[in-house]
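Survey of secondary and tertiary structure
So the chains spell out like this:
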Amino acid sequence: MAQRDRRLKPNILVTGTPGTGKTSTCSLLADATGLTHLNVGDLVKLKSLHDGWDDELECFILNEDLLIDEMEDMVKGGGTIVDYHSCDIFPERWFDAIVVLQTDNGVLYERLTNRGYTGAKLQNNMECEIFQVLLEEARESYPQELVRALPSNTIEDMSNNVEILSDWVSAWSPPAAN
Ligand code: ADP
Ligand code: MN
């Protein structure tokens, strides 16, 4: 296995189906820890790291190479919380923890319809959650012991998650060099 990057502060990847609470959770976690919240979807739009708009899926067609190049310097020093609805596109060595947020179907359905999702986009995202696509993807892409699934149904869940993760950040120290 390639050697993991050396850094003084941890990088955390927060992933999950759209609507599971990534952005809200990352924002609170950044406030609690002083780490930097990087919303990848916003970065892709801002820096046009895409090859146009997909009319069918109603999203930008990500240019992975541009994105990885853009992010490399941002994550290099550690201390970044990466917020994205996919996780197998990033180099494994970037992250010290991978968090997969999960939401019950009924709750997620309501959040996505409130956000204006309908038709295929709504259905694709519901199926993504029902089949635990992100958890599978995370388990296939990162060391098992770094991956953790957390429920994100209620505000109480969110506070618990922020507390668990900020405690983890406080206790984190760089792996010993070997
Ligand atoms: P994501 O970034 O994963 O798409 P957001 O953080 O934008 O999700 O959350 C989507 C919506 O659901 C927002 O209105 C947010 O306030 C709400 N929400 C997210 N997580 C929770 C939670 N654990 N409890 C209650 N509401 C939540
Ligand atoms: Mn978001």
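Side note on the overall build of the chain
- From N to C terminus, the chain includes 7 helices and 7 strands.
- When the elements of the chain are put in sequence order from the N terminus, they spell out β-α-β-α-β-β-α-β-β-α-α-α-β-α.
- For the chain, the spread of C-alpha atoms along the principal axes amounts to about 50 × 40 × 30 Å.
- The buried share among the 178 residues of the chain stands at 44%.
- Long-range contacts, defined here as pairs at least 24 residues apart, represent 74% of the contacts in the chain between residues at least 6 apart.
- Only carbon and sulfur atoms are counted for the fraction: they give 49% of the accessible area of the chain, which is about 9600 Å².
- Side chains of the chain carry 14 positive and 30 negative charges; the gap between the two charge centres is 6 Å.

A word on the sheet that holds strand S5 (residues 80-83)
- Read across the sheet, 5 strands follow the order S2-S5-S1-S6-S7 without closing on themselves; strand pairing throughout is parallel. Two strands close off the open sheet at either side, each with one partner strand: strand S2 (36-39) and strand S7 (147-151). Taken pair by pair, the neighbouring strands of this sheet meet at an average axis angle of 25 degrees, ignoring direction.
- Sheet strands touched by helix H7 (residues 155-171): strand S1 (12-15), strand S6 (97-102) and S7. Its angle to S7, the strand with the most contacts, is close to 155 degrees.

Overview of a negative patch on the surface
- Taken together, the side chains of Glu 64, Asp 65, Asp 69, Asp 88, Glu 136 and Glu 140 present a region of like negative charge at the surface.
- Mapped by element, the contributors of at least two residues to the negative patch are helix H3 (64-76) and helix H6 (133-141).
- No other element matches H3, which puts 3 residues into the negative patch.
- Position of Asp 69 among the secondary structure elements: in helix H3.

Comments concerning helix H5 (residues 119-130)
- When the terminal C-alpha atoms of H5 are compared, their 16 Å separation across 12 residues agrees well with the 16 Å that a helix rising 1.5 Å per residue should span.
- Along H5, the positions that sit buried rather than exposed are Lys 121, Leu 122, Asn 125, Met 126, Cys 128 and Glu 129. One side of H5 carries all its buried residues, which in axial view fall inside an arc of 155 degrees.
- Residues of H5 that are buried make contact with S6, helix H4 (105-114) and H6.
- Following H5 by one or two positions, Gln 132 adopts a phi angle in the positive range, close to 50 degrees.

Notes on the side chain of Asn 161
- Structurally, the position occupied by Asn 161 is in helix H7.
- Judged by relative accessible area, Asn 161 falls into the buried class, the value being 2%.
- Apart from the residues within four sequence positions on either side, Asn 161 is in contact with Leu 101, Leu 150, Pro 151 and Ser 152.

Brief notes about the packing of aromatic side chains
- Per the counting criterion, the structure on display carries 6 aromatic pairs.
- Plain terms: the ring middles of Phe 90 and Phe 95 are 5.7 Å apart, the flat faces sit at 75 degrees to each other, and that makes the pair edge-to-face. One exposure class covers both Phe 90 and Phe 95, and it is buried.
- The rings of Tyr 84, Phe 90, Trp 94, Phe 95 and Tyr 142 are connected pair by pair, giving a single aromatic cluster.
- Looking at Lys 121, its charged tip hangs above the ring of Tyr 117, at a distance of 4.6 Å from the centre.

Rules used throughout
Residues numbered from 1 in each chain as written. Chains lettered and ligands numbered in written order. Predicted model: local features only at pLDDT ≥ 70, side-chain atom pairs only at ≥ 80, totals over all residues. Heavy atoms only, no water. Helix = DSSP H or I, 4+ residues; strand = E, 2+ residues; numbered from the N terminus. Buried < 20%, exposed > 50% of the residue type's maximum accessible area, 1.4 Å probe, protein only. Contact = heavy atoms within 4.5 Å. Areas by Shrake-Rupley, 256 points an atom, 1.4 Å probe, with all protein chains shown as cover. Lys, Arg positive; Asp, Glu negative; His and termini not counted. Charge placed at Lys NZ, Arg CZ, Asp CG, Glu CD. Pairing = 2+ DSSP bridges. Axes fitted to C-alpha atoms, helices over the stretch in contact; angles between N-to-C directions. Patch = residues over 30% accessible without salt bridge, like charges linked within 9 Å, V, L, I, M, F, W, Y side chains within 5 Å. Salt bridge = Lys/Arg side-chain N within 4 Å of Asp/Glu carboxyl O. Expected span 1.5 Å × (residues − 1). Arc of directions from axis to C-beta. Phe/Tyr/Trp six-rings, centres within 6.5 Å; stacked < 30°, edge-to-face > 60°. Lys NZ or Arg CZ within 6 Å of the ring centre and 35° of its normal.

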